[in-house]
Amino acid sequence: MSEFTVPTLANAATWKDVQWPEMKNDLVLRAARGEETPRAPVWVMRQAGRYLPEFLAVRKDHSFFECCQTPELAAKLTLQPIDRYPLLDASIIFCDILVVPQALGMEVLMEPTKGPVLPEPLRKPEDLARLREVVDVQKELGYVFDAISLTRKGLDGRVPLIGFCGAPWTLMAYMCEGGGSKTFENSKGWLYKWPVESKKLIMKVADVCADLLVGQVLAGAQMLQVFDSWAGELTPHHFAEFALPACVYIQKKVRHCLRELGHADVPMTLFAKGVHSPASLALLKKELTGYDTIGLDCGLDPVEARQLLGSGLNLQGNFDPAILYGGREGIEREVARVCPRFHEAGEGWIANLGHGITPNVKPEDMGWFLECVHKYSKRA
Ligand SMILES: Cc1c2[nH]c(c1CCC(=O)O)Cc1[nH]c(c(CCC(=O)O)c1C)Cc1[nH]c(c(CCC(=O)O)c1C)Cc1[nH]c(c(C)c1CCC(=O)O)C2
């Protein structure tokens with residue numbers, strides 16, 4: 001008996017009959033499989049969002065979660081950057097990591113100035129009883145799957161579609177804090193006060209994350225990324241004890257379920273932001289986590305990271321998001337500086353920022369950044 005339960009998904013039997021448009025650009029999939037590509041494929045975390053006027057126009061009339069939950073809107077927002085920037089090599093589904101706490105039964109609001117707010121955070125182990133015992137991802141998150149299928153059609157093979165989820169520790173932090181935090185007093189408090197219950201919570205979240213990713217693949221996602229945005233807040237010991245094992249569990253469960261469902265494997269990326277200690281990076285080796293690609297934030301040098309991460313693993317990243325405030329010359333100079341570092345690091349490379357694109361970036365500067373990556377990432 002396997003430790004994993006395959007989720008019940010509406011298209012578990014029918015996905016095989018769907019014929020997707022032929023891929024015109026699969027560079028990112030090739031890099032994610034470890035192939036050396038003629039230039040680095042490029043996409044940008046949070047590429048569909050607040051810096052785009054066409055996004056703001058849609059958001060004027062619809063709340064954030066309404067956008068996530070309405071497949072037509074989510075597909076439209078996902079396609080906006082692809083329509084605007086023909087130099088993008090991947091799309092990422094418009095959604096949010098906080099749909100998983102919602103699926104577990106928690107209320108999540110997106111407040112204009114504060115960001116996410118969870119009005120009733122988990123403050124003690126007894127609060128775990130408030131979470132749904134079993135989560136039917138098809139029922140709770142079927143809208144994500146519908147958005148994925150619609151988007152894949154709308155992409156018409158232009159670029160691959162990435163599905164994603166938040167990592168369990170990052171989601172636990174939101175669920176225990178009730179929103180963003182500077183001190184992480186409640187979530188880290190949990191880890192020290194109630195390590196056993198913390199693991200229970202993290203693994204409960206991990207199961208839903210894995211089911212969500214499996215559903216996304218069956219619906220048409222071609223690559224997956226797990227966002228552990230708050231991994232760097234943990235001590236290396238807690239990262240190894242709580243955060244990383246849950247990400248590894250997700251990787252194993254997703255691949256197991258895809259096999260059981262007769263679906264081909266897909267490349268998986270782990271973005272553990274802020275993880276810089278040599279000991280922690282050494283734990284991210286391919287043979288230890290099973291992820292194909294590791295996302296680097298901009299606090300790491302690609303060559304140094306490669307030494308610690310070992311071979312057989314692709315790197316993603318890691319331009320400073322502030323590069324986009326650097327003007328045309330500044331952008332070009334920095335892209336020209338960073339590309340050789342990735343070439344020296346070797347093996348597969350997917351160019352990206354080291355964290356999400358920030359508000360107030362001028363859309364034309366994003367376009368120039370993409371042009372520069374196309375030019376300077378060419379292999380000699
Ligand atoms: C931590 C985290 C969240 N969400 C996400 C993360 C992990 C990545 C990271 O560390 O940045 C991931 C995410 N959020 C969103 C996407 C969509 C796809 C993409 O364009 O990359 C993705 C991949 C849309 C979004 N998620 C959010 C917006 C802006 C909301 C709005 O329109 O008001 C978008 C486009 C809101 C959000 N959602 C979250 C926060 C903290 C906020 C508020 C601050 C902010 O705006 O970035 C939680």
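Small disclaimer: the values here were computed from a predicted structure and weren't measured.

## A look at the overall build of the protein chain
When helices and strands are counted, the protein chain shows 15 helices and nine strands. At 20 Å, the protein chain has a C-alpha radius of gyration in line with the 21 Å of a compact globule built from 380 residues. In terms of its C-alpha atoms, the protein chain occupies a principal-axis envelope of roughly 60 × 45 × 45 Å. A total of 380 residues make up the protein chain; the buried ones form 48% of that total.

## Here's the deal with the site of the ligand
Looking at the ligand, there are 22 residues lining it, with Ala48, Gly49, Gly115, Phe227 and Ser229 nearest. Looking at side-chain class alone, the shell around the ligand contains 12 nonpolar, six polar and four charged residues.

## Structural notes on the UniProt feature "domain: Uroporphyrinogen decarboxylase (URO-D)" (unreviewed entry) in the protein chain
Per the UniProt annotation, the sites labelled "domain: Uroporphyrinogen decarboxylase (URO-D)" (unreviewed entry) are residues 41-50 and 162-178. Overall, residues 41-50 shows 0% helix and 0% strand. The separation of its end C-alpha atoms is 23 Å. Taken end to end, residues 162-178 is 59% helix and 29% strand, and its first and last C-alpha atoms sit 28 Å apart.

## Describing helix α8 (residues 185-193)
All of the buried residues along α8 are Ser187, Lys188, Trp190 and Leu191. Down the axis of α8, the buried side of the element spans an arc of 145°, and every buried residue falls inside it. Opposite the buried face of α8, by more than 90 degrees, sit the exposed residues Glu185, Tyr192 and Lys193. Packed against the buried residues of α8 are α7 (168-177), α9 (195-219) and α10 (236-260).

## Some details on the pairing of strand β9 (residues 349-353)
For β9, a buried count of five out of five residues is recorded, marking the element as mostly surrounded by other parts of the structure. Relative to β9, strand β8 (residues 314-319) is paired through five bridges, and the arrangement is parallel. Looking at the pairing, Leu315 lines up with Trp349 of β9. Assessed by its sense of winding, the connection that carries the chain from β8 through helix α14 (residues 327-345) to β9 is right-handed.

## As for helix α4 (residues 71-84)
End to end, α4 covers 20 Å across 14 residues, agreeing with the expected 20 Å (1.5 Å per residue, within 8%). Remark: the principal bend of α4, roughly 25°, maps to Thr78, with a proline, Pro81, within the next four residues. Those residues of α4 that fall on the buried side of the exposure criterion are Ala74, Ala75, Lys76, Leu77, Thr78, Leu79, Gln80, Pro81 and Ile82. Contact partners of the buried residues in α4: α2 (53-61), α3 (64-69), β1 (91-92) and α6 (137-155).

## Some details on the confidence of the model for the protein chain
A residue-level look at the protein chain finds 100% of positions with pLDDT of 70 or above and a mean pLDDT of 97. Confidence estimates for the predicted assembly give a pTM of 0.97 and an ipTM of 0.93.

## Topic: the sheet that holds β8
Read from one edge to the other, the open sheet built from seven strands follows the order β1-β4-β5-β6-β7-β8-β9, with strand pairing classed as parallel. Edge positions in the open sheet fall to β1 and β9, since each of these has one partner strand only. Along the sheet face, α10 touches β5 (223-228) and β6 (268-272) and points at about 165° away from the line of β5.

## Thoughts on the pairing of β6
Within a regular strand, side chains alternate between the sheet's two faces. In terms of residue burial, β6 counts as a mostly covered element, since five of its five residues are buried. Along β6, one buried face is formed by Met268, Leu270 and Ala272 and the opposite face, lined by Thr269 and Phe271, is buried too. Judged from the five bridges that link them, β5 and β6 form a sheet pairing that is parallel. Following the sheet pairing, Leu224 is matched in β6 by Met268. Between the parallel elements β5 and β6, the chain passes through α10 in a crossover that is right-handed.

## Considering unusual backbone geometry
Cis geometry marks the peptide bond from Gly317 to Asn318, where omega comes out at -25°. Positionally, Asn318 belongs in strand β8. Its identity as a non-glycine residue notwithstanding, Glu347 has a phi of 65°, on the positive side. Assignment of secondary structure puts Glu347 in the loop between α14 and β9.

## What to know about the environment of Leu131
Within the secondary structure layout, Leu131 lies in the loop between β3 (115-117) and α6. Here the alpha-carbon distance between Leu131 and Pro363, two residues 232 residues apart in the chain, equals 41 Å. Look past the residues within four positions of Leu131 in its chain and what remains in contact with it is Leu104, Gly105 and Lys204.

## Here's the deal with the environment of Ala103
When you line up the elements, Ala103 lands in helix α5 (residues 99-103). Taking the C-alpha atoms as reference points, Ala103 and Arg132, 29 residues apart in sequence, are found 8.1 Å from one another. In this structure, Ala103 is in contact with Val135, Val137, Glu140, Leu141 and Val208, ignoring residues within four places of it in sequence.

## Regarding the packing of α2 against α4
The interhelical angle for the contact between α2 and α4, taken along N-to-C directions, is 165°, at an axis separation of 9 Å. One way to sum up the angle between α2 and α4 is to call them roughly antiparallel. As for how α2 packs across α4, the hand of that crossing is left-handed. Contacts from Glu54, Phe55 and Val58 of α2 reach α4 at Leu73, Lys76, Leu77 and Gln80.

Thresholds, definitions, all that
- Residues numbered from 1 in each chain as written.
- Predicted model: local features only at pLDDT ≥ 70, side-chain atom pairs only at ≥ 80, totals over all residues.
- Helix = DSSP H or I, 4+ residues; strand = E, 2+ residues; numbered from the N terminus.
- Rg over C-alpha atoms; globule rule 2.2 N^0.38 Å.
- Buried ≥ 20, exposed ≤ 12 C-beta atoms within 10 Å, placed from the backbone.
- Near = placed C-beta within 6 Å.
- Nonpolar A, V, L, I, M, F, W, Y, C, P; charged D, E, K, R; others polar.
- UniProt positions renumbered as here; feature names shortened; annotations may be inferred.
- Arc of directions from axis to C-beta.
- Contact = placed C-beta atoms within 7 Å.
- Pairing = 2+ DSSP bridges.
- Right-handed = clockwise from strand over helix to strand, strands pointing away.
- Expected span 1.5 Å × (residues − 1).
- Bend = angle between axes of the 7 residues up to and from the residue.
- pLDDT = per-residue confidence, 0-100.
- Axes fitted to C-alpha atoms, helices over the stretch in contact; angles between N-to-C directions.
- Parallel < 35°, antiparallel > 145°, perpendicular 65-115°, else oblique.
- Left-handed = near helix turned anticlockwise from the far one by under 90°.

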